[in-house]
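Structure assessment
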Amino acid sequence: MQQKSLRKQLFDLSGPIFIETLLIILLGTVDIVMLSRHSDDTVAAVGVVNQLLNMVFIVFGVTTLGTSVLCSQYLGAGQKKNVVQTIGVSLLFNAIIGIIISAFLFFYGQELLQLMDLAPALIDEGLPYMRIVGGFAFVQAIALTLSAILRSHNMAYYPMRVTLLINIVNIIGNYTLIFGKFGAPPLGVSGAAISTSVCRFIAMSLLLFLLFKKVERKFPIVWFRPFPIDKLKNLLTVGLPAAGEQVSYNLSQVVVTYFTILIGTTALTTRTYAMNIVMFTYLFALAIGQGGAICIGHLVGGEKQKAAYILQRYCMKWSIMISLGMAIVTAVLGYTIFHFLTPNPDIIRLGVIILCIDILLEVGRAVNILSVNVLNAVGDVTYPFITGLIVMWGVATLLSYIFGISLGWGLAGMWFAFLLDECIRAIIFVRRWRSKKWEGKSFTRIKKIPFSQKSRPNAA
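What you are looking at is a predicted structure, and each value in this text was computed from that prediction instead of being measured.

Before going further, it helps to spend a moment on the domain arrangement of the chain. Interfaces are often sized by the amount of accessible area the parts lose when they come together. The domains assigned to the chain are domain 1 (6-227) and domain 2 (240-435). For domain 1 and domain 2, the distance between their C-alpha centres works out to 21 Å. The interface is formed by 47 residues belonging to domain 1 together with 50 residues belonging to domain 2. Between domain 1 and domain 2, the buried area comes to about 4100 Å², and carbon and sulfur atoms account for 73% of it. Taken together, domain 1 and domain 2 are joined by 0 salt bridges. At the boundary of domain 1 and domain 2, one finds 3 residue pairs in polar contact (both at pLDDT 80 or more). Elements with a contribution of two residues or more to the side of domain 1 that touches domain 2: α1 (2-36), α2 (40-77) and α5 (137-152). The leading source of residues in the side of domain 1 that touches domain 2 is α2, at 21 residues. Of the residues contributing to the side of domain 1 that touches domain 2, the split by class is 25 nonpolar, 16 polar and 6 charged.

Time to look at the layout of surface pockets. Taken as a whole, the largest pocket spans an internal volume of roughly 210 Å³. Taken together, 13 residues line the largest pocket, and the ones lying closest to its centre are Asn276, Ile277, Phe280, Thr330 and Ile337. Counted by class, the lining of the largest pocket contains 10 nonpolar, 3 polar and no charged residues. Residue assignment places the lining of the largest pocket across two domains, with domain 1 (6-227) and domain 2 (240-435) each supplying three or more. Its boundaries defined by the atoms lining it, the second largest pocket holds a volume of some 150 Å³. Around the second largest pocket, the lining residues are Leu52, Met55, Val56, Ile101, Phe104, Leu105, Leu112, Leu115, Met116, Leu251 and Val254. Only α2, α3 (80-115) and α8 (229-263) provide two or more residues apiece to the lining of the second largest pocket. Looking at which element gives the most residues to the lining of the second largest pocket, the answer is α3, with 5 residues. For the lining of the second largest pocket, the per-class residue count stands at 11 nonpolar, no polar and no charged.

Each value, and the rule that gives it
Residues numbered from 1 in each chain as written. Predicted model: local features only at pLDDT ≥ 70, side-chain atom pairs only at ≥ 80, totals over all residues. Heavy atoms only, no water. Domains from an automatic or database assignment. Contact = heavy atoms within 4.5 Å. Buried area = accessible area lost by both parts, 1.4 Å probe. Salt bridge = Lys/Arg side-chain N within 4 Å of Asp/Glu carboxyl O. Polar contact = N/O pair within 3.5 Å; in protein donor to acceptor, adjacent residues only side chain to side chain. Helix = DSSP H or I, 4+ residues; strand = E, 2+ residues; numbered from the N terminus. Nonpolar A, V, L, I, M, F, W, Y, C, P; charged D, E, K, R; others polar. 1 Å grid on protein atoms, 1.4 Å probe; cavity = no way out; pocket = protein on both sides within 12 Å on 5 of 7 lines; lining within 4 Å. Points joined across faces, edges and corners; volume = space filled by probe spheres on them.

Printed below as a string of structure tokens:
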């Protein structure tokens, strides 16, 4: 009965997270699709800007991920005061960091794009998007934190509904502002940026309302006097290595983007289209990784390590099966998808090759997404960071240059380097979970005893 209850809780969480993640991806994809009607150069420029902005959003993940992990463990252990303190500290920290980063992106956006060695014409296309979306990055910082709080409280369906609403608003906003409909001037890429930023502000406002309505109506000041510096320390203990793994990945992708620029605009545009397409293939892995991490965090907080171990294996099976199936379908439909996005035959041909290579890559990616999430959820945050740092740079980045530039294999060679990177890390993470060396790293008590040494019959 307990296994059935855990599986139901998993899919009750993963279902809304799946839909929410799909809608978030669509939010960005809508910009790309509509801008593709504007020009391929605009798509290439916005693709580079989004690569840099993704790096920024990972910085916000320092406390966002820590919030999710700590709230899940504290809720599992029934520690109400710790939950409230964690929420308050994480919102304050991300708001301050978000404002600082937003100001930097607004005033130094041009210098960042110049560092990427973009052609002046592409900088002119991408700069308005960078300044508008980047200038309001603090809104996304707060929204991401609020979404993590609601998810950790088993309320994933609220962020899902908010995301659905802003997707509808964004489509209308893009159509109106990019192409100048309903009496509005045609603003092109600036219109897409304005629409995206307004939608994120609406999302933040709604999520903040839901926090006070559904989670915590009051935040007693006495619980924050003196300031709970230990909660900030725990957030950073979880968040810095976990976000470091993501920063390492995105920074390596920024370097790879620079390599792609050296190949040419056709390769850069194909990469932008391909990355937006393949996001749909690992969508379920993202959802079950986040949902599984929350469930496993509750179990570890409640002293149920054996159940956490079993649940991870169950999540892994479904994650691999569905990601592989989605990758095969995407590859089969590759020509049709690319033909819809662009009439350029060179981009279409290269894109189809990329999607075929991506089939095996998605198996490794599914394992990695789940493994990193659950290892972070149980407190084993340093291992994914160190592994990612070594393998991403030693395999994905280095081999991208060797295969793509030195050997002249182009973008296809780079994608093969990504394939090797994902699969090598997947093998390492599977071995880590099976070793059970992650036991005893929870934040809800000082010392934990591995379940293999326990004699309690109800440990699961």
